Amino acid sequence: MACLHLNHFIFILLAVQHDLTVVERKLVVTDPKVKDILREHASYSTQKEKHLNGFTLGYVTPWNSHGYDVAKMFADKFTHISPVWLQLKRGQGGSFTIEGVHDIDKGWMADVKKNRTTFIVPRLLFDGWRSNDYQAVFSEEKLQHKLSSTLVKFLKTHRFDGIVVEIWSQLGGHYKSEAADLLIHIASSLHEADMEIIVVIPPALNQGVRKGFFLEEDFNKLAPHIDAFSLMTYDFSQPGRPGANSPVNWVRECVQSICPDADSPWRRKILLGLNFYGYDYSPRGGEPIIGSKYLELLQSFKPKLTWDKNAAEHLFKYQVSGELEHVVFFPTLLSVRTRLELAQSLGAGLAIWEIGQGLDYFYDLL
């Protein structure tokens, strides 16, 4: 997941409500005009009903504060909001502590949940854990119980509805059986407390060919116990191998590879990952960009957007004087809608990383 910070540039327009949706305004097209994006990106519909079926999860990060506003404005579009607040630390003598309390905003939580059924499920990262820390917890049921009870007590104290756990990628494909057993133990404790657990999982296919760290057998073991899986179907390309962020056929294959049976009741637990950030590539490398930087580039260079029909993403090129050409991939209304339609056709849910990074009119489509 790209961690992007909002720095010097601000959105060109303040958010404006509109009677018509982006579809009714005929903005969801293969050939969007730069002037239309700059004029309309902050103009969203007053029609707030949710169009998607099933789980719809939105991540919020402290370093992109606009996400807090988005969560309040469009909470009706989401079943779950996950603020990226918490880190689990292992202390001395078998103790566990949860850090990040200073980020918890009770007033914001109340605003998000006001007159709604939206669940708030903060992300918990196993932060700073070494191999011996994992081995100790995996091998001692007493420590697993202590970890689970610490987590449940903390979530109850702060009135959360559950947790999003990120551990699988940190293990790099090692201790898969042990990690699954720990997650099942945590899930059992949370369910007894009437709370939910969502597990972040890496894609099963890297670059569409090489197998990843989370495969069908891992899904089958966990699926009966876990409420949902946040599948990281983005970052397909990297600065060393530039290209589309999330080619649509690869996304489809990532879902089907861990749950090939389209009629499986577990398919709905897979939350197709949707990036609301992009990448700016140059011969010197590349860097992630968020909506504000994207708008700045459009304003400065007035490029022509091109639709890559194979990846189902838009891109554009620009060149700074004295430098080599840049290529930018960033979500557009059509690329977002294409992935929403894919999620619905697969019977899957949706997880957006993250809602402070995109453009406000994207939410008309949810």
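Above this text sits the structure in question.
This part is about the packing of helix α4 (residues 131–139) against helix α5 (residues 141–157). Following both chains from N to C, one finds α4 and α5 inclined at 100°, their axes separated by 5 Å at the closest point. Comparing the axis directions of α4 and α5 gives the class roughly perpendicular. Counted together, Ala136, Val137, Phe138 and Ser139 of α4 and Glu141, Leu143, Gln144 and Leu147 of α5 form the full contact between these two elements. Along the lines of polarity and charge, the residues of the contact of α4 with α5 split into five nonpolar, two polar and one charged.

Before going further, it helps to spend a moment on the sheet that holds strand β20 (residues 349–353). Backbone-to-backbone hydrogen bonds join strands into a sheet, with any given pair of strands oriented parallel or antiparallel. Spatially, β6-β5-β8-β9-β10-β13-β14-β20-β3-β4-β7 is the arrangement adopted by the eleven strands of the open sheet, whose pairing is mixed. What marks the edges here is a single partner per strand, and that holds for β6 (96–99) and β7 (119–120). Summarising the sheet, strand β3 (residues 56–60) and β20 pair through three bridges and their orientation is parallel. Among the inter-strand pairings, leucine 57 is bridged to a residue of β20, identified as alanine 351.

Below, the discussion takes up the pattern of salt bridges. A full pass over the atoms with the stated rule returns 18 salt bridges. The partner of aspartate 364 in a salt bridge is arginine 25, with the nearest N and O atoms 3.6 Å apart. On the criterion of sequence distance, the pair formed by aspartate 364 in the segment after β20 and arginine 25 in the loop between β1 (16–18) and α1 (34–40) is long-range, its members being 339 residues apart. Taking the shortest distance from any N to any O, the salt bridge between glutamate 296 and lysine 293 comes out at 3.5 Å. Here lysine 293 and glutamate 296 lie together in helix α9 (residues 291–301), a separation of three residues that amounts to about one turn. Judged by its relative accessible area of 18%, glutamate 296 is buried.

Analysis parameters
Residues numbered from 1 in each chain as written. Predicted model: local features only at pLDDT ≥ 70, side-chain atom pairs only at ≥ 80, totals over all residues. Heavy atoms only, no water. Axes fitted to C-alpha atoms, helices over the stretch in contact; angles between N-to-C directions. Helix = DSSP H or I, 4+ residues; strand = E, 2+ residues; numbered from the N terminus. Parallel < 35°, antiparallel > 145°, perpendicular 65-115°, else oblique. Contact = heavy atoms within 4.5 Å. Nonpolar A, V, L, I, M, F, W, Y, C, P; charged D, E, K, R; others polar. Pairing = 2+ DSSP bridges. Salt bridge = Lys/Arg side-chain N within 4 Å of Asp/Glu carboxyl O. Buried < 20%, exposed > 50% of the residue type's maximum accessible area, 1.4 Å probe, protein only.

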